[in-house]
Amino acid sequence: MAYVFRAFHALPPMSNARGMPTNAVLGFCRMILKLKKSFHPRYIACVNDASGPTFREEIYPEYKANRKEPDPELVPQFDLCRRAATDAFNLPVLELKGFEADDIIATLARRFARMGIDTVIVSSDKDLMQLVDDHVSMWDPMKDRAIGREQVIEKFGVPPELVVDVQAIIGDSTDNIPGVKGVGEKTAPGLIQEYGSLEKLLENTGRIEKKGLREKLEAGREMAVLSKKLATCRDDVPLKAELDELAAREPDPARMVAFFREMDFTALIREMSSEDDYKGFRRDRYETVLDEKALKAVLDEVRKAKVAAFDTETTSLDELQAELVGFSLSTKPGKAWYVPVAHRYLGVPAQIPRDRALALLRPVLEDPEILKLGQNVKYDRRVLLRYGIHCRGFDWDSMLASYVLDPGRRSHGLDQLAFDFLKHKMLSYQEVTGTGKHQVTFDQVEIPRATEYAAEDADAVMRLYGILDPRLKSEGVLDLFSQVEMPLVDVLIDMEERGVLVDTGKLAEMSQEFGRRMQELLGRIYGMAGGEFNVDSPKQLQTVLFERLKLPTARKTKTGYSTDQEVLEKLAEEHELPRLLIDYRGLSKLKGTYIDALPRMVNAKTGRIHTSFNQAVAETGRLSSSEPNLQNIPARTEDGRRIREAFIAPKDSVLVSADYSQVELRILAHVTGDPALVAAYRDGTDIHSLTAAEMYGVRPEEVTREQRGAGKTINFSVIYGIGAQSLGKSLDVTPKEAQSYIDAYFRRYAGVKAFFDRTVEEARTNGYVTTLLGRRRYLPTLTSKNFQERSFAERAACNTVIQGTAADIIKVAMIELYRKLPVHGFKARMILQVHDELLFEAPAAEAEKVRKIAAEVMSSVVKLDVPLLVETKAARDWAGAH
């Protein structure tokens, strides 16, 4: 907010057409633009003072009491500056009642400094100079001046860690911090330098020779202590914001320009436009098709062009609920049409009836010789399936092209791709349909406006095709795109449409059972605690564990001592109540997240759950699922595995599971070529027992079940780059002992260590790593000066080669099985993919044959130096088949 004040006083008065003063807003916007241009931050937050009193007024009511009311022309600009941050620049804005902005800044700066992250405080405020350290600096954008340790010493005469001690003595007239009366900024630094802190100074006032100074300090003792509390920036604000929530996001171009227009910042709009060449995007030239003759002419152009971008407009994002409202087509950049078929509003013009329009369109959509382009074509194809259209030739998707080229791109959405590659700000969906309670479905949008929006989408996809398609070839990922990701769309459509049958009665029984068990646990917990309390309240739980039961405290948080899972596990060694709490939390999570939630997700028409599989999310190439996320159903605990009992096959059918065995470790053996590792898998040796034998100094045949489990933990820890600290916790050993296990592993499998070192070095040189099938992942932070960022990138480089290759392999297997099952006359259908497992629904009579073909295909889709082993099983429910 200091910059809002400075901008207001630095710039001449100005206002927009509505008479709203805007000079502070303009200065604020220019400051942010300069900031982003100067730093290109990876993370950014704008911090505000919240309205109302803070803890400082509670301990000293006169705090800031002498401040004047802000100028009337400035007051309305506070909210406008906040809107500039959120609406125009898409910045996260943080504030919290009871605390000042400085406290929030201190909390974030200290938190990220502990993580080894370099943080810049954009301010010249002397109160914040106390935060400067090796990882925290300041920057004054008005003077383009960096403020580090030397500048703080120059300002205060002491290093940053002693700034508050000096401020406690001299006070601050601006904030009405009293300080010690009669002791000024010339004397205070020398005193603090001599004694080391305010507290030590006050303990030793008797040693001060100058009587007058000694008496002033002794008289002002209480005010000095109070002033230090007032001057100290609190770094323990209970702020929920995590680092990933503060990731720098690109602004929405449409919202930014709209805000600048509202403010009448024509110069800024001109500057943005000069950087953003529209390159021929002209919404006024898009055509609306309202009769059959015109539509036939458009489709003739499509047939001649042999390529067209296509997009649907619907009433819902749920493919099973969405109704088609219209569709758009483009055959070359700048040329696009919109065909409305079901707009409904007062005064709507006559449209081609939906069924008739689709009848004319069907031959084009089902013609494999006409290349169709789209953005997230899986959605459009599933919508069209509801109208009986089986699309063919949809062989290019801008979202998937972007994903294959750079899986780590901030967004693969069309608006972002158009902005990044075409330098064009797309018309946003919210601009067309409105927001909040005023938002309408697309069928209520007036057709001229709908034409601008829908045709622009098709136009943008056509232009992206011209830019991204050549790059797929030049960057060596065309085969991955055309032979894996695009064919996989067919597979995912079939899986999503089929869905999974769920026994809601079984889930209802489990819900009642889990509810009873939770109540029983609560009764036992209350009995041990000496009374009822809210087990979900960390504060009340702290009271029970650490005050009533006197259990040892562990890690401290902003709200007291931690009661998280790790702490409870440790406390459970000393008392039964923490173990009961762990059990209660586990049941509660399963019940709320799955048992009670899954029945609500059953589609009323099909009686099945239809998850969505996401191709363009994970940077390693793995698929994810959502609405619901079926890949996260726990399988490690007995209660978690029981949830899978509710996923069932229809009458006279079974579920067949085909699961890769240790696929990532087998890939590790192949890519490293380590002789011992390769030999173990070729000989069929149990690799986990082999590693355990090395750890415990016994023969492999003497390894116990528990020891084998530890060996398994080490084997997978190596893949994921888990260090001695984390491994020690997993194995319940000291970090030193865990490190000895890691060292022993790399001595036995020296080829693995050599591969990791080689992979990191090559990635640092190239800027990316590749999987066996050519998938790339760019890792720019491999050269970061920040140790934590660099270490993460090194682990990601090695892990991506392994996990990414596993993801590619199962995708290829899915495509092959999708194609082969019908060819062999099977009625079986693939219905789920979960990590390394494929799940099929098959007539009981086909079960054994499906198991056989699944194992054959999955084990042979790629040729490795070690065999790929696939375990299969058939049962009535998923739990039994796993």
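Figured I'd write up the structure that's included with this text. (Residues numbered from 1 in each chain as written. Predicted model: local features only at pLDDT ≥ 70, side-chain atom pairs only at ≥ 80, totals over all residues. Heavy atoms only, no water.)

1. Details of the overall build of the protein
So, point 1. Scanning the protein from terminus to terminus reveals 36 helices and 23 strands.
So, point 2. The C-alpha atoms of the protein give 32 Å as radius of gyration, which agrees with the globular expectation for 882 residues (29 Å, within 12%).
So, point 3. If one aligns the C-alpha atoms of the protein with their principal axes, the spans along those axes are about 105 × 80 × 55 Å.
So, point 4. Within the protein, buried positions represent 51% of all 882 residues.
So, point 5. Put simply, of all contacts in the protein between residues at least 6 apart along the chain, 67% involve residues at least 24 apart.
So, point 6. When the accessible surface of the protein is split by element, carbon and sulfur atoms take 50% of a total near 41300 Å².
So, point 7. Placing the 124 positive and 132 negative side-chain charges of the protein at their respective mean positions leaves the two points 1 Å apart. (Helix = DSSP H or I, 4+ residues; strand = E, 2+ residues; numbered from the N terminus. Rg over C-alpha atoms; globule rule 2.2 N^0.38 Å. Buried < 20%, exposed > 50% of the residue type's maximum accessible area, 1.4 Å probe, protein only. Contact = heavy atoms within 4.5 Å. Areas by Shrake-Rupley, 256 points an atom, 1.4 Å probe, with all protein chains shown as cover. Lys, Arg positive; Asp, Glu negative; His and termini not counted. Charge placed at Lys NZ, Arg CZ, Asp CG, Glu CD.)

2. Some details on the packing of aromatic side chains
So, point 1. Enumeration over the complete set of coordinates arrives at 22 aromatic pairs.
So, point 2. For the ring pair Y526 and F533, a centre distance of 6.0 Å and an interplane angle of 70° mean the geometry is edge-to-face.
So, point 3. We classify Y526 as buried; its relative accessible area is 19%.
So, point 4. For F533, a relative accessible area of 7% puts it in the buried group.
So, point 5. Counting every residue linked through ring pairs, the aromatic cluster contains Y745, F746, Y749, F755 and F756.
So, point 6. Looking at R776, its charged tip hangs above the ring of Y768, at a distance of 4.2 Å from the centre. (Phe/Tyr/Trp six-rings, centres within 6.5 Å; stacked < 30°, edge-to-face > 60°. Lys NZ or Arg CZ within 6 Å of the ring centre and 35° of its normal.)

3. A short note on unusual backbone geometry
So, point 1. Here the amide bond leading from E627 into P628 is cis, since omega sits at 0°, within 30 degrees of zero.
So, point 2. Although it is not a glycine, D264 adopts a positive phi angle of roughly 65°.

4. Side note on the sheet that holds strand β11 (residues 396-397)
So, point 1. The strand order β6-β9-β8-β7-β10-β11 describes an open sheet built from six strands, whose pairing is mixed. At either end of the open sheet lies a strand with only one pairing partner, and these are β6 (287-288) and β11.
So, point 2. Sheet analysis places strand β10 (residues 371-374) next to β11, joined by two bridges and oriented parallel. By the bridge assignment, G374 is partnered in β11 with D397. (Pairing = 2+ DSSP bridges.)

5. Comments concerning the sheet that holds strand β3 (residues 119-122)
So, point 1. In space, the three strands of this open sheet follow the order β3-β4-β5, with mixed pairing throughout. Looking along the sheet, the strands with just one partner apiece sit at the ends: β3 and β5 (145-147). Averaged over all pairs of adjacent strands, the angle between their axes in this sheet comes to 30°, without regard to strand direction.
So, point 2. Two elements, β3 and strand β4 (residues 136-140), share four bridges in a ladder whose sense is parallel. Within β4, the position partnered with I121 by the bridge is M138. (Axes fitted to C-alpha atoms, helices over the stretch in contact; angles between N-to-C directions.)

6. Details of the layout of surface pockets
So, point 1. Approximately 1600 Å³ is the volume attributed to the second largest pocket.
So, point 2. Contributing to the lining of the second largest pocket are 50 residues, with L317, E319, Q375, N376 and Y379 lying nearest its centre.
So, point 3. Only β7 (307-314), α16 (377-385), α18 (414-422), α19 (429-433), α20 (447-474) and β16 (612-614) provide two or more residues apiece to the lining of the second largest pocket.
So, point 4. Along the lines of polarity and charge, the residues of the lining of the second largest pocket split into 17 nonpolar, 20 polar and 13 charged. (1 Å grid on protein atoms, 1.4 Å probe; cavity = no way out; pocket = protein on both sides within 12 Å on 5 of 7 lines; lining within 4 Å. Points joined across faces, edges and corners; volume = space filled by probe spheres on them. Nonpolar A, V, L, I, M, F, W, Y, C, P; charged D, E, K, R; others polar.)

7. Concerning the side chain of Q130
So, point 1. Structurally, Q130 is set in the loop between β3 and β4.
So, point 2. Among the polar contacts listed, one links the side chain of Q130 to the backbone oxygen of A231, at a separation of 2.9 Å.
So, point 3. One polar contact links the side chain of Q130 to the main-chain amide nitrogen of C233, over a distance of 3.0 Å.
So, point 4. Beyond its immediate sequence surroundings of up to four residues, Q130 is in contact with R110, P160, V163, V164, Q167, A231, T232 and C233. (Polar contact = N/O pair within 3.5 Å; in protein donor to acceptor, adjacent residues only side chain to side chain.)

8. Re the side chain of R775
So, point 1. Topologically, R775 is positioned in the loop between β19 (768-770) and β20 (776-778).
So, point 2. Here R775 falls in the buried class, since its relative accessible area comes to 2%.
So, point 3. There is a polar contact of 2.7 Å between the side chain of R775 and the side chain of E485.
So, point 4. In contact with R775, not counting residues within four places along its chain, are Y403, L480, E485, T620, G621, V769, T770, D808 and K811.

9. Details of the packing of helix α2 (residues 23-39) against helix α4 (residues 75-88)
So, point 1. It is the contact of α2 with α4, at a shortest axis distance of 9 Å, that shows an interaxial angle of 25°. With respect to α4, the element α2 is oriented roughly parallel. Every pair of crossing elements has a handedness; the one defined by α2 and α4 is right-handed. Facing α2, whose interface residues are N23, A24, V25, F28 and C29, α4 presents Q77, L80, C81, A84 and A85. (Parallel < 35°, antiparallel > 145°, perpendicular 65-115°, else oblique. Left-handed = near helix turned anticlockwise from the far one by under 90°.)

10. Topic: α18
So, point 1. For α18, the tally of buried residues reaches seven of nine residues, placing the bulk of the element in the interior.
So, point 2. By the burial criterion, the buried members of α18 are L414, Q416, L417, A418, F419, F421 and L422.
So, point 3. In the segment just after α18, K423 is the residue with positive phi, at about 55°.

11. Focus on the environment of M495
So, point 1. Looking at the element boundaries, M495 is found in helix α21 (residues 478-498).
So, point 2. Filtering out sequence-adjacent residues up to four positions away, M495 remains in contact with F613, M814, M830, I831, L832 and Q833.

12. With respect to α16
So, point 1. Burial runs high along α16: eight of the nine residues are buried.
So, point 2. Each element contacted by the buried residues of α16 is listed here: β7, α15 (354-365), β10, β11, α21 and β16.

13. Remarks on the pattern of salt bridges
So, point 1. Per the stated rule, a full pass over the model turns up 59 salt bridges.
So, point 2. Ionic pairing is found between R42 and E789, a salt bridge with its closest N-O pair at 2.9 Å. Here the residue R42 occupies a position in the loop between α2 and β1 (46-47), and E789 occupies one in helix α34 (residues 787-823), the gap between them amounting to 747 residues.
So, point 3. Under the relative-accessibility criterion, R42 is labelled partly exposed at 45%.
So, point 4. Look at E789 and you get buried, because its relative accessible area is 18%.
So, point 5. Of the charged contacts in the structure, one is a salt bridge between E841 and R608, with a shortest N-O distance of 3.0 Å. Here E841, found in strand β22 (residues 837-843), pairs with R608, found in strand β15 (residues 608-609); they are 233 residues apart in sequence, far enough to count as distant.
So, point 6. Connected through salt bridges with shared partners, the residues E319, K378, R382, E496 and E497 form a single ionic network. (Salt bridge = Lys/Arg side-chain N within 4 Å of Asp/Glu carboxyl O.)

14. What about the environment of A241?
So, point 1. Mapped onto the elements, A241 comes out in the loop between α11 (221-231) and α12 (253-263).
So, point 2. Relative accessible area serves as the criterion here: at 10%, A241 is assigned to the buried category.
So, point 3. Considering only alpha carbons, one finds A241 and F481, 240 residues apart in sequence, at a separation of 37 Å.
So, point 4. If we ignore the near neighbours within four places in the chain, the residues touching A241 are L94, R111 and L246.

15. Digging into the environment of E271
So, point 1. Residue position: E271 is located in helix α13 (residues 266-275).
So, point 2. Distance in space between the C-alpha atoms of E271 and L213 is 59 Å, their sequence separation being 58 residues.

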